[in-house]
Amino acid sequence: MLFYSFFKTQVGQQVTVELKNDLAIQGVLESVDQFLNIKLKEIKVVDSERYPHMMAVKNCFIRGSVVRYVQLSPQSVDTALLQDAARREAQSTQQP
């Protein structure tokens, strides 16, 4: 649930999603669900020469199981808060 909660805080931010088939899409994160399915708006393909058929697409839904990486801007990530949340989640799973 940590990643889901984290990505919910990134809604409205510019992200780049790289898929397992090497397609990279930049866009504004519109929503994310508990399966880490991602909905982007105002998208553009990073390598438009390789994927010309994607030029007409403006919004997309990406299934979480096909995502390789999600790149975020460093300014939008509070690493101290994220580390603290990861520690708390690890401690809660260790206790009986």
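Remember, predicted model here, so these are calculated numbers, not experimental data. (Residues numbered from 1 in each chain as written. Predicted model: local features only at pLDDT ≥ 70, side-chain atom pairs only at ≥ 80, totals over all residues. Heavy atoms only, no water.)

1. Re helix 1 (residues 2–9)
Buried within helix 1 we find Leu2, Phe6 and Phe7. Seen from one end, helix 1 has its buried residues packed into an arc of 125°, which puts them on one side. The inward-facing, buried residues of helix 1 contact strand 2 (24–32), strand 5 (67–72) and helix 2 (79–94). (Buried < 20%, exposed > 50% of the residue type's maximum accessible area, 1.4 Å probe, protein only. Helix = DSSP H or I, 4+ residues; strand = E, 2+ residues; numbered from the N terminus. Arc of directions from axis to C-beta. Contact = heavy atoms within 4.5 Å.)

2. Comments concerning the pattern of salt bridges
A complete count under the given rule lists three salt bridges for this structure. Salt-bridge contacts for Glu18 lead to Arg68; the nearest nitrogen and oxygen are separated by 2.8 Å. Here Glu18 is found in strand 1 (residues 14–19), whereas its partner Arg68 is found in strand 5, with 50 residues between them in sequence. Note that Arg88 and Asp84 form a salt bridge whose closest N and O atoms lie 3.1 Å from each other. Of the two residues, Arg88 and Asp84 both sit in helix 2, four residues apart, roughly one turn of that helix. (Salt bridge = Lys/Arg side-chain N within 4 Å of Asp/Glu carboxyl O.)

3. Considerations on the UniProt feature "domain: Sm" (unreviewed entry) in the protein
Residues given the UniProt feature "domain: Sm" (unreviewed entry) here are residues 2–76. Taken end to end, residues 2–76 comprises 11% helix and 44% strand; its first and last C-alpha atoms sit 16 Å apart. (UniProt positions renumbered as here; feature names shortened; annotations may be inferred.)

4. Regarding the side chain of Thr16
Locating Thr16 in the fold gives a position in strand 1. A residue is classified by how much of its surface remains accessible, and Thr16, at 13% relative accessible area, is buried. Look past the residues within four positions of Thr16 in its chain and what remains in contact with it is Ala24, Ile25, Gln26, Val46, Tyr69, Val70 and Gln71.

5. Brief notes about the sheet that holds strand 5
The antiparallel open sheet is built from five strands, whose spatial order is 4-3-2-1-5. Every interior strand has two partners, whereas the edge strands, strand 4 (59–62) and strand 5, have only one. Shown here is a sheet whose adjacent strand axes are inclined to one another by a mean of 40°, direction ignored. Those strands touched by helix 1 are strand 2 and strand 5, and its axis lies near 95° from that of strand 2. (Pairing = 2+ DSSP bridges. Axes fitted to C-alpha atoms, helices over the stretch in contact; angles between N-to-C directions.)

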